[in-house]
Amino acid sequence: MDHFTVVSNRLEETREFYAAFGFAAGPRPAFRAPGLWLYLGDRPVLHIIGLDRPPPGRGVLDHMAFAVEGLAEVAAYLDARKVAYRLVRSPGADRRWQMFFSDPNGAEVEFDFASDEQPP
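Residues numbered from 1 in each chain as written. Predicted model: local features only at pLDDT ≥ 70, side-chain atom pairs only at ≥ 80, totals over all residues. Heavy atoms only, no water.

Quick notes on the nonpolar core
Counting 26 residues, the largest nonpolar core has L46, M64, M99, F101 and F111 as its most contacted members. Of all the secondary-structure elements, those providing two or more residues to this core are strand 1 (4-8), helix 1 (11-19), strand 3 (35-40), strand 4 (43-50), strand 5 (63-67), helix 2 (71-80), strand 7 (97-102) and strand 8 (108-113). Sort the elements by how many residues they give to this core and helix 2 lands first, with four residues. (Core = buried A, V, L, I, M, F, W, Y, C linked by side-chain atoms within 4.5 Å. Buried < 20%, exposed > 50% of the residue type's maximum accessible area, 1.4 Å probe, protein only. Helix = DSSP H or I, 4+ residues; strand = E, 2+ residues; numbered from the N terminus.)

Shown next as C-alpha cells:
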C-alpha cells in the first residue's frame, strides 16, 4: 500500500496521536485543503486532510493496518490515555495478535503483532 488518507477536523490532535507510534509530520504539496502528511521513515504513509466532514459519498476510512512490535508497551500506552482497544488472535496458522482501536477521528486502526508476543 502506498498511503492511507483520513479526513479530520482535528489536525493537531491527530498528528499527536500518531506521533506516539513513530509517525512524523513531513513535507506535503501545497494542496488547497489544509492537512498533514505523516511519515514512517522516508515514506508519507498517512495523509490527513483538514475538512469539517468527509465529502459526500465518502467516510473517514474503514481501517488501516500496520505491522507493529511491542504489544505490552502499546497496550500500556493506550490504557494510560484511556483509548479503548480490542485484542484478538487472527484465525489461521500464524495466530498473530490483532489490536483494534479508533483514532481521534473515528478511523479504525489495526496493529498486527507476532504470535509470540506476550499479551497484557
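Section: the sheet that holds strand 2 (residues 24-26)
Ordered by their spatial adjacency, four strands build an open sheet running 1-4-3-2, and the pairing between neighbours is mixed. Edge positions in the open sheet fall to strand 1 and strand 2, since each of these has one partner strand only. Within the sheet, the average angular offset between the axes of one strand and its neighbour, ignoring direction, is 35°. Here five bridges tie strand 1 to strand 4, and the two strands are oriented parallel to one another. In the strand pairing of strand 4, T5 is matched with H47. (Pairing = 2+ DSSP bridges. Axes fitted to C-alpha atoms, helices over the stretch in contact; angles between N-to-C directions.)

Looking at the pairing of strand 3
As defined by bridge partners, strand 2 adjoins strand 3 across three bridges and the pair is classed as antiparallel. The residue of strand 3 that forms the bridge with A25 is L38. Bridge count for strand 3 against strand 4 is six bridges, and the pairing is antiparallel. Bridging from a neighbouring strand, L38 pairs with L46 of strand 4. Taking the residues between adjacent antiparallel strands as the criterion, strand 3 and strand 4 are bridged by two residues, where G41 takes a positive phi near 65°.

Purely geometric numbers; function is a separate question.
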